[in-house]
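# A look at the structure
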Amino acid sequence: MNNSIASLLKCPDLVRTQAFINGEWTDEAGGAKINVENPATGEIIATVPNLGADAAERAVEAAHAAFARWRSLPAKERALRLKAWHMLVLQHEEDLATLLTAEQGKPAAEALNEIRYAASFIEWFAEEGKRVYGDTIPSHSQDTRFLVFREPVGVVAAITPWNFPSAMVTRKLAPALAAGCTVVLKPSDVTPLSALALVFLAQEAGIPKGVINVVTGGPAAIGSVLTGHALVRKLTFTGSTAVGKMLTAACAATMKKVSMELGGNAPFIVFDDADIDLAVTEAIAAKFRNAGQTCVCANRIFVQDAIYDDFVEKLTVRVSALRLGNGLLGPADQGPLIDQRAIEKVTSHVADAVERGARVTTGGSRAPGPGNFFLPTVLADVPAEALINSEETFGPVAPITRFDGEQDVIRAANATTAGLAAYAFTRDLKRFWRVSGQLEYGMVGINTGRISTEVAPFGGIKESGVGREGSKYGIDDYTELKYVCIGGLD
Ligand code: NAD
């Protein structure tokens, strides 16, 4: 099994099928395994250890033991190792992209983009780690001085999802390491290979033992150690809102710092003064990337009355031309969904919308043949009360709703518990200011459906989470302020 996936790589060593604790690749002899499947074929491409609480405990202890030395290195020293890691990721980008496609399903070109995006966080935070500045505060008396330092929080637990199995790992590990923290990572049990390959390269880059640990296995058993352990000082999580809330509650007992990057329900608003062709192109980017399995993907498309029919027709033509395919076999625009459950959710959202009066203008069903493929789909005339408007669909379905007035659409856009990303298309400068100000979201794309970059703050408000990743702000969540008051100086 491993041989066949390894045979696709120039560097077969990147296929790691063991956990990584205290600098050792490890599993339990005769222990349980988790199958890793290719969602395009259903084929098992590898197995990884199904570890539990004991392994998580060992990983936390290893991370704690490594912390004192790692934090004491000058930031520049840590940066040099992160830069070496960055270079290795780029050198192996094609292999890493192949692994990503094999376990997650996204097309080859998208996988390569994700690897470069993943690498960009390592480079960015290697630099930012050198700029973790403190402060001096003017004193209120002649004999005292006040200093403020930023110190690493300590051992960080990171739990990552399957939809961006590489980028979500580096978006957490790079700022943590740059700040001087050590990490225990639990990657998604569905896509562990990308995380393990990245960590293999980190080891090659000279990140010392214990600084990064990866525990593969059962989410609940590992999660309960990571959330309950007194030595873990921060949990950073990307995943669903339901799991995020549960983990946050579990962290309360030991008052850990938390960063939560959770689900979205992004509105995508096209006003009648918009460039329609641009809006169609960007809707496809925002909706069909990763087969619609992104947290910032356009979940509800609102189009103003005067351009509604034109937009629906243009989007339908473009979406019906998207090519489905197994990214390991050739170019494709859209890969499979992650599993059968995802197919069922998307199918039920489409059925519910149609039952309530929506029209399928293209797609609408599972694709024939093997693998978890769902046809790229456009639904027109979707009523406000349809399930697809209130829940994250996480699939390749673009639901379009007609609107009339600006305030009506803002109200509809904000009528959700999510607050991650929103998009609006307009050429009216005054409307741009009004709308971007009134949308209750952590991120707003105006005339673009592509907002993710390592240089800007990524994150949500409301039930989409707390904290920001990437940008100059992204390292703050891995530090604590220490105030030092010096007296007796007269
Ligand atoms: P998920 O919540 O099911 O799983 C995320 C991670 O949590 C996985 O590693 C999983 O194994 C782990 N997990 C699940 N139950 C756990 C438990 N009881 N204890 C500890 N860990 C547990 O989410 P998913 O299906 O992997 O990812 C899709 C979700 O992630 C979507 O809702 C999407 O919007 C969200 N997401 C958000 C962002 C963001 O930046 N806001 C980015 C990507 C994905």
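Data block above holds the structure.
First, a word on scope: everything that follows refers to the structure included in this document. These numbers were taken from a predicted model, which means no experiment stands behind them.

Attention now moves to the site of the ligand. Within the structure, the ligand sits among 28 residues, and Thr160, Trp162, Ser240, Leu262 and Glu392 are positioned closest to it. Trp162 places a side-chain nitrogen or oxygen 2.7 Å from an oxygen atom of the ligand. Coverage of the ligand by the protein amounts to 87% of the 840 Å² it exposes when considered alone. Taken together, the elements giving at least two residues each to the shell around the ligand come down to α6 (167-179), α8 (219-228), β10 (232-238) and α9 (241-252).

When you line up the elements, Val15 lands in the loop between α1 (2-6) and β1 (19-21). A residue is classified by how much of its surface remains accessible, and Val15, at 12% relative accessible area, is buried. Spatially, the C-alpha atoms of Val15 and Ile5 are 7.8 Å apart, while their sequence positions differ by 10 residues. Dropping the residues within four chain positions of it, Val15 is found in contact with Ile5, Ala6, Leu9 and Leu99.

Let us now look at the pattern of salt bridges. For side chains bearing opposite charge, pairing can occur when the charged atoms are close. Evaluation of the coordinates by the stated rule reveals 27 salt bridges. Residues Lys257 and Glu480 are paired through a salt bridge, measuring 3.7 Å at the closest nitrogen-oxygen approach. On the criterion of sequence distance, the pair formed by Lys257 in strand β11 (residues 257-261) and Glu480 in strand β20 (residues 479-486) is long-range, its members being 223 residues apart. The class for Lys257 is partly exposed, based on a relative accessible area of 26%.

We now examine the pairing of strand β15 (residues 377-380). Of the two faces of β15, the one carrying Thr377 and Leu379 and the one carrying Val378 and Ala380 are both buried. Across 3 bridges, strand β14 (residues 359-362) lies against β15 in antiparallel orientation. Paired with Thr362 across the strands is Val378, a residue of β15. Bridge analysis of β15 against strand β16 (residues 397-403) gives 3 bridges, and the strand direction is parallel.

Our focus in this paragraph is the sheet that holds β20. Strand order in the open sheet made by the 3 strands is β5-β6-β20, with antiparallel pairing throughout. Every other strand in the sheet has two partners, leaving β5 (135-137) and β20 as the edge strands with one partner each. Put simply, the sheet's adjacent strands are angled 25 degrees from each other on average, direction ignored. Where strand β6 (residues 145-152) lies against β20, 8 bridges are found, and the strand directions are antiparallel. Paired with Pro152 across the two strands is Thr479, which belongs to β20.

Where like charges cluster on the molecular surface, the negative patch consists of Glu28, Asp54, Glu57 and Glu61. Along the chain, Glu28 turns up in the loop between β2 (24-26) and β3 (33-37). By relative accessible area, Glu28 is classed as partly exposed at 38%.

Moving on, we get to the packing of helix α4 (residues 93-104) against helix α5 (residues 108-128). At a minimum axis distance of 8 Å, the contact between α4 and α5 shows a crossing angle of 120 degrees. With respect to their mutual orientation, α4 and α5 come out oblique. Crossing angle aside, the handedness with which α4 passes α5 is right-handed. Between α4 and α5, the contacting residues are Glu93, Glu94, Leu96, Ala97, Leu100 and Thr101 on the first element and Ala108, Ala111, Leu112, Glu114, Ile115 and Arg116 on the second. In terms of residue class, the contact of α4 with α5 is made up of 7 nonpolar, 1 polar and 4 charged.

What counts, and at which threshold
- Residues numbered from 1 in each chain as written.
- Predicted model: local features only at pLDDT ≥ 70, side-chain atom pairs only at ≥ 80, totals over all residues.
- Heavy atoms only, no water.
- Near = heavy atom within 4 Å.
- Polar contact = N/O pair within 3.5 Å; in protein donor to acceptor, adjacent residues only side chain to side chain.
- Areas by Shrake-Rupley, 256 points an atom, 1.4 Å probe, with all protein chains shown as cover.
- Helix = DSSP H or I, 4+ residues; strand = E, 2+ residues; numbered from the N terminus.
- Buried < 20%, exposed > 50% of the residue type's maximum accessible area, 1.4 Å probe, protein only.
- Contact = heavy atoms within 4.5 Å.
- Salt bridge = Lys/Arg side-chain N within 4 Å of Asp/Glu carboxyl O.
- Pairing = 2+ DSSP bridges.
- Axes fitted to C-alpha atoms, helices over the stretch in contact; angles between N-to-C directions.
- Patch = residues over 30% accessible without salt bridge, like charges linked within 9 Å, V, L, I, M, F, W, Y side chains within 5 Å.
- Lys, Arg positive; Asp, Glu negative; His and termini not counted.
- Charge placed at Lys NZ, Arg CZ, Asp CG, Glu CD.
- Parallel < 35°, antiparallel > 145°, perpendicular 65-115°, else oblique.
- Left-handed = near helix turned anticlockwise from the far one by under 90°.
- Nonpolar A, V, L, I, M, F, W, Y, C, P; charged D, E, K, R; others polar.

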